[in-house]
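Listed below, chain by chain, are the residues.
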Amino acid sequence: MELIYEKSRSGRRAVALEPLDVPEAELNSELCRPAAAPLPEVSELDVVRHFTLLSQRNYGVDSQFYPLGSCTMKYNPKVSELVAAHPGFATLHPHLSSAKVYEPVCQGALELVFETERMLAEIGGMQAGCLQPMAGAHGELAGVLLIAAYHRDKGNTHKRTILIPDSAHGTNPASAAMAGFEVREIPSTPAGVMDFDKLVEALDDTVAGVMMTCPNTHGLFEPQVHEVAERAHAVDALLYYDGANLNAIVGKCRPGDLGFDVMHFNLHKTFATPHGMGGPGSGAIAVGERLLPYLPGPRVVKSADGYTLETIPKSMGRMAAFFGNFLIAVRAYAFLRYYGGDGLPSVADNAVLNANYMFARLRGAYQAAFEGTCMHECLLSAVRQADKGIHALDIAKALLDRGFHAPTIYFPLTVKECLMIEPTETESKETMDLFCDAMLEIAQLVDVDPDSLHAAPVTLPVSRLDEVRAAKDLNCACLA
Amino acid sequence: MNPESLRYTMDHEWVGEQNGLCVVGITDYAQEQLGDVTYVELPKVGQRLKRGEEAAVVESVKAASDVYAPLSGEVAEINEQVENETDLVNRDPYGRGWFFKLSNYDSAEYAELMTYTAYRAFCQGR
Amino acid sequence: MTWIPVTDSEREEMLGTIGVNSVEDLFAAVPEALRMRGWDMPPGLSEMALRAHMDALAARNKTDLSCFLGGGYYDHFIPAAVDALSGRSEFFTAYTPYQPECAQGTLQSIYEYQSAVCRLAGMECANASLYDGGTAMFEAATMACRATCRTRVVVDGSVNPVWRRMLLTHCAKLELDIVDGADPEGAACVIVQNPSFLGTVRDFADLGERCRAAGALFVVVFNPVSLGMLKTPGAMGADIAVAEGQSLGLPLGFGGPYLGILAARKKLIRKMPGRIVGETLDAQGRRGFVLTLQAREQHIRREKANSNICSNQALCALRALMYLCLMGPEGLRQTAQACHSKAEYLKSRIAAFAPVLNDGPTFHEFAVRLPRPAETVCAELLGRGFLAGLPLAAVGAGEAGDLLVAVTEKRTRAELDAYADALKEVCCGTDL
């Protein structure tokens, strides 16, 4: 498809602006660009048609089953979109929260921040929430920096290491390193959980914290999570909960009760805000007692006169200029109020039910990565198919041809030929059945017609793309 | 170079002695694991390296790997050609796909490296 | 629950297929002692009740004020097509394009966004987006440290003080030396902002030269709309250019989601954080787009990655691209020109009774020193329907009387006149 730049015609315009109603002011030409920016010159219809056609070259949750493991691609309710677009939220200037004088004109927004942070803390079994971090990885960074602030305040200068299981998302070690910690990896047992003995061995006096995902990326609840917390706290190491998989346990158990000191929520996963082709999300955090004094500030507090902002003396600082991706929080708030405390546990119940149903249907044709029941996602390994020349990648592409988004493949790195399937609670049995039927059909094709799988996808605007060429003959911008 | 006369590390680097220098590259096994190599970053000539220190980077589309100095020494020469023609790493890992050469290295360290037979056994064990 | 479709009979059937008796059996791995015992959460609401509740909350925010508040975030016009197109669910309900064949819409639009950023800022490459301007500046600083193997980050006084605070927060445990000033000697980078936080416009080309001579990278924070008119970071010799992209078609939204723009010289591309889309061909030789240079990223390089960023602000980048396409070169030039002209008009009216603090020409924002505390003045102007500006003392960037005033193309001459009159009256009494 043509680029918008290739559709440009000199002199064409899309937007007519108001005529200038004040005298035109000039700036010294040395401060100005010599010519206008070389942007496309197109009509409004050109733009509308271009982006409408582009949108049709995408799979999304609204059009396809999207069982992308670890990403919780659940249905994004329309009412959340509607309320986030309300001018009472969408047109509100962020600096209204910078000066006391403006607090009276943004009470609704401050209440929403306060209540969302409070509900998140409650869901996490924590003391307080904070909406500042703008994505899961940013929440991890905030959490690890909070751990650093805690140790700095306590004079624990020898604490320089963070322990992370090998099954963790890549963001965990990246966040710890980005904050300035050394990372030590803890292996998994063959059963797919963190090796507790290896953890205990590694848990020396230099350890500042332990980052865990629970259920972990193998789709398994970490059975010794509480003991890990006790051991960690015994050497004054704090425990970080990666909320990527919270959908499995929301309303069933709470990270704070499991012994965690800090966690992040992916509002775009658990609380159904849209994934937006890769973002924006929100990585709101919550902390327990130990980290409460160091939270990012300023904070919204409730007083007799309404909601007001307060600075925290020992605050770690600012992760965002304001309250993070506020309009994402508005959507999540709407989701939380819709379900309420009575409805939220059914999210986890049905997410886990659906994952186990798909696991049960598929674990014959594909090897189960781990035995037993799973939580909200199931992991299959295409090793048997790979022996016959069909890899997880080929299976993924064949699924695209059948109208499904593919599961996550080749993650976690600990499972060979991994297919990680997360249906979420919002998918119906018939959708999952159609997907499972397709997976079973593909498994049969491995024996009878493997070439068709190598050729997939054939129904999409492009077939497999040459990634080596993209990296070697790098072209990442169409310059003027 | 003939793989059978080279020495090896557990990180899949090979080392060969040639005209008083140590030539370093990555093994056939390593290039196969990586897939099509798209990028190679080499150390600077004159750089002093300690054994085990990160010396170079090699990337494919799906993976990235650090190349560690198999032994201590000074970078005497680098293979600039491989930076531009990264597929040499895949096509000729023991020949034109070499990475860098070390001078002033420690022969004792060289002797500690795995032999061809030991390395083959090591790879089969994985 | 209406968003959960399973029926009771289906649930029974599914449990039978799984081979367990109840959903609770699936949670057997969660130790009994750690189960939840109850919580303080409000009960659920119907959609009708929820909407009424949200309307009531929104009504407690006052949004019918004439806005002169800026400070890095501006009330610009957004063409209707931006909302209509970015609201297509094929865009916003998709995720990161891990399967490129079914995500060409996402990938091509990001490629076009990267191109637009380069064309706008006079740079050679750009990433697919970061969270916001402040985090983009932090990423630029650490990127410069990686590229130069140096640890000193020099931050000029022109930089947004809140972003400076964010930089310190993000770097709290890194062994970096973050200093104020503009001396490139021995530095990884010097960071400047143009227009400055107070709105002053400068040509930093000389500093760019000095950075090059000292082996430091030159990081320029820019305002994207101002580049409809102003000299580009590229033309000033920037090695890295970063911006808050909010003014490109994103609603103010009380702080986000916004858009972190980061562009660079091509030789620095491997040090760049975040996703990058590249053009390539498919098996039939057709043009297509993929995520490329992924070996820099956390999912491959883990603790050695350039950054931890995974989710970014792709949908905001899409909106920015749509905005720039709709505006076109002439529309953006006119918008910048209108902002500047209107701000100049207002500045000259205010200068008649309060001194302007900027030490040079300004773009669309300027600081004035009022004879009364700015917060008091703003409170009184609120009553007259104006968001009068940002009291600079509130962000640690001035004295009690200092006010930062921003003007966009949306303000009419009548609003400017009414604002100037009201401000004068509040500051100098009714004796006009």
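Keep in mind that what you see is a predicted model, and the values were worked out from it rather than measured.

**Student:** Whenever I open this one, the overall build of chain C confuses me. Can you help?
**Tutor:** Assigned secondary structure in chain C consists of 12 helices and 14 strands. Seen through its C-alpha atoms, chain C measures out along the principal axes to roughly 85 × 55 × 45 Å. Look at the contacts in chain C between residues 6 or more apart in sequence, and 71% of them connect residues 24 or more apart. Carbon and sulfur atoms make up 50% of the accessible area of chain C, which totals about 13300 Å². Measuring between centres, the 42 positive side-chain charges of chain C sit 5 Å from its 48 negative side-chain charges.

**Student:** Could you clarify how one ought to interpret the environment of Ser60 of chain B in this entry?
**Tutor:** Note on placement: Ser60 of chain B falls in strand β6 (residues 54-60). Given a relative accessible area of 4%, Ser60 of chain B falls into the buried group. Considered as a pair, Ser60 of chain B and Leu34 of chain B are 26 residues apart in the sequence and their alpha carbons are 5.9 Å apart. Contact partners of Ser60 of chain B, with chain neighbours within four places excluded, come to Leu34, Gly35, Asp36, Val37 and Thr38 of chain B together with Ala295 of chain C.

**Student:** Please explain the pattern of salt bridges as it appears in this structure.
**Tutor:** It is possible for side chains bearing opposite charge to pair when their charged atoms get close. Residues and elements named next belong to chain A. For the structure shown, the criterion picks out 66 salt bridges over all chains. A salt bridge links Glu122 to Arg254; its shortest N-O distance comes to 3.5 Å. Taken together, the residues span a long stretch of sequence, with Glu122 in helix α4 (residues 107-124) and Arg254 in the loop between β5 (238-243) and α9 (255-258) at a distance of 132 residues. Judged on exposure class, the residue Glu122 and its partner Arg254 are both buried.

**Student:** Help me out: how do you make sense of the sheet that holds strand β7 (residues 285-287) of chain A in this one?
**Tutor:** Backbone-to-backbone hydrogen bonds join strands into a sheet, with any given pair of strands oriented parallel or antiparallel. Residues and elements named next belong to chain A. Pairing is mixed across the open sheet formed by seven strands, whose spatial order is β1-β7-β6-β5-β4-β2-β3. Each edge of the open sheet is held by one strand with a lone partner, namely β1 (128-130) and β3 (182-186). Going across the sheet, the axis of each strand differs from the next one's by a mean of 25 degrees, ignoring polarity. Bridge analysis of strand β4 (residues 207-213) against β5 gives five bridges, and the strand direction is parallel. For Val210, the partnering residue across the bridge sits in β5 and is Leu239. Strands β4 and β5 of the sheet are contacted by helix α8 (residues 225-234), whose axis makes an angle of about 145 degrees with β5.

**Student:** Is there a simple way to think about the sheet that holds strand β8 (residues 73-78) of chain B in this case?
**Tutor:** All names here are of chain B. What the six strands build is an open sheet, ordered β1-β2-β3-β9-β8-β5; its pairing is antiparallel. The strands lining the two open edges of the sheet, one partner per strand, are β1 (7-8) and β5 (48-49). Alignment of strand β3 (residues 21-26) against strand β9 (residues 100-103), held across three bridges, turns out to be antiparallel. Pairing of Cys22 across the sheet is with Leu102, part of β9.

**Student:** Sorry if this is basic, but what is going on with the interface of chain A and chain C here?
**Tutor:** On the side of chain C, 187 residues touch chain A, which itself brings 207 residues to the contact. Where chain A abuts chain C, roughly 17000 Å² becomes buried across the two surfaces, and 65% of that area is made up of carbon and sulfur atoms. If you sort the residues of chain A by the area they bury against chain C, Met178, Met277 and Tyr338 of chain A come out on top, with a joint share of 5%. Scanning the region where chain A abuts chain C turns up seven salt bridges. Across the pair Arg287 of chain C and Glu6 of chain A runs a salt bridge whose closest N-O atoms are separated by 2.7 Å. Here the element with the most residues in the side of chain A that touches chain C is helix α10 (residues 326-362) of chain A; it accounts for 28 residues. Class assignment of the residues belonging to the side of chain A that touches chain C gives a composition of 122 nonpolar, 46 polar and 39 charged.

**Student:** Looking at this structure, I do not really get the packing of aromatic side chains. What am I missing?
**Tutor:** Given two aromatic rings, one states the distance between the centres and the angle between the planes to describe the pair. All names here are of chain C. If you walk through the whole model with that rule in mind, you get 27 aromatic pairs over all chains. Seen from their ring centres, Phe68 and Phe386 are 6.2 Å apart, and the 55 degrees between their planes marks the pair as tilted. Pair noted here: Phe68 is in the loop between β1 (66-67) and α3 (80-86) and Phe386 is in strand β12 (residues 386-387), with a separation of 318 residues, a long-range link. A centroid spacing of 4.0 Å and a plane angle of 15 degrees characterise the contact between Phe68 and Tyr419, whose relative ring orientation is stacked. Pair noted here: Phe68 is in the loop between β1 and α3 and Tyr419 is in helix α12 (residues 413-428), with a separation of 351 residues, a long-range link. The burial state of Phe68 is the same as that of Tyr419; both residues are buried.

**Student:** Please clarify how the domain arrangement of chain C should be interpreted in this entry.
**Tutor:** A common way to state how big an interface is: give the accessible area lost once the parts meet. All names here are of chain C. Each domain of chain C was delimited in the assignment, giving domain 1 (66-75 + 329-428) and domain 2 (80-321). Spacing between the C-alpha centres of domain 1 and domain 2 amounts to 29 Å. Each partner contributes to the interface: domain 1 provides 26 residues, whereas domain 2 provides 23 residues. It is Tyr73, Leu332 and Phe363 that lose the most area in domain 1 upon contact with domain 2, and together they represent 34% of the buried surface on that side. Scanning the region where domain 1 abuts domain 2 turns up zero salt bridges. Joining domain 1 to domain 2, the criterion identifies six residue pairs in polar contact (both at pLDDT 80 or more). Contributing elements (two or more residues each) for the side of domain 1 that touches domain 2: α10 (314-351) and β11 (365-369). Ranked by residues supplied to the side of domain 1 that touches domain 2, first place goes to α10 with six residues. Class assignment of the residues belonging to the side of domain 1 that touches domain 2 gives a composition of 13 nonpolar, nine polar and four charged.

**Student:** Help me out: how do you make sense of unusual backbone geometry in this one?
**Tutor:** Negative phi values dominate among residues other than glycine, just as trans dominates among peptide bonds. The omega torsion of the bond from Gly297 of chain A to Pro298 of chain A falls at -5 degrees, within 30 degrees of zero and hence cis. The omega angle of the peptide bond from Asn194 of chain C to Pro195 of chain C is -5 degrees, so this bond is cis rather than trans. Tracing the sequence through the fold places Pro195 of chain C in the loop between β5 (189-194) and α8 (205-214). The phi torsion at Asp236 of chain A lies on the positive side, around 60 degrees, for a residue other than glycine. Summarising the element assignment, Asp236 of chain A is placed in the loop between α8 and β5.

About the criteria used
Residues numbered from 1 in each chain as written. Chains lettered and ligands numbered in written order. Predicted model: local features only at pLDDT ≥ 70, side-chain atom pairs only at ≥ 80, totals over all residues. Heavy atoms only, no water. Helix = DSSP H or I, 4+ residues; strand = E, 2+ residues; numbered from the N terminus. Contact = heavy atoms within 4.5 Å. Areas by Shrake-Rupley, 256 points an atom, 1.4 Å probe, with all protein chains shown as cover. Lys, Arg positive; Asp, Glu negative; His and termini not counted. Charge placed at Lys NZ, Arg CZ, Asp CG, Glu CD. Buried < 20%, exposed > 50% of the residue type's maximum accessible area, 1.4 Å probe, protein only. Salt bridge = Lys/Arg side-chain N within 4 Å of Asp/Glu carboxyl O. Pairing = 2+ DSSP bridges. Axes fitted to C-alpha atoms, helices over the stretch in contact; angles between N-to-C directions. Buried area = accessible area lost by both parts, 1.4 Å probe. Nonpolar A, V, L, I, M, F, W, Y, C, P; charged D, E, K, R; others polar. Phe/Tyr/Trp six-rings, centres within 6.5 Å; stacked < 30°, edge-to-face > 60°. Domains from an automatic or database assignment. Polar contact = N/O pair within 3.5 Å; in protein donor to acceptor, adjacent residues only side chain to side chain.

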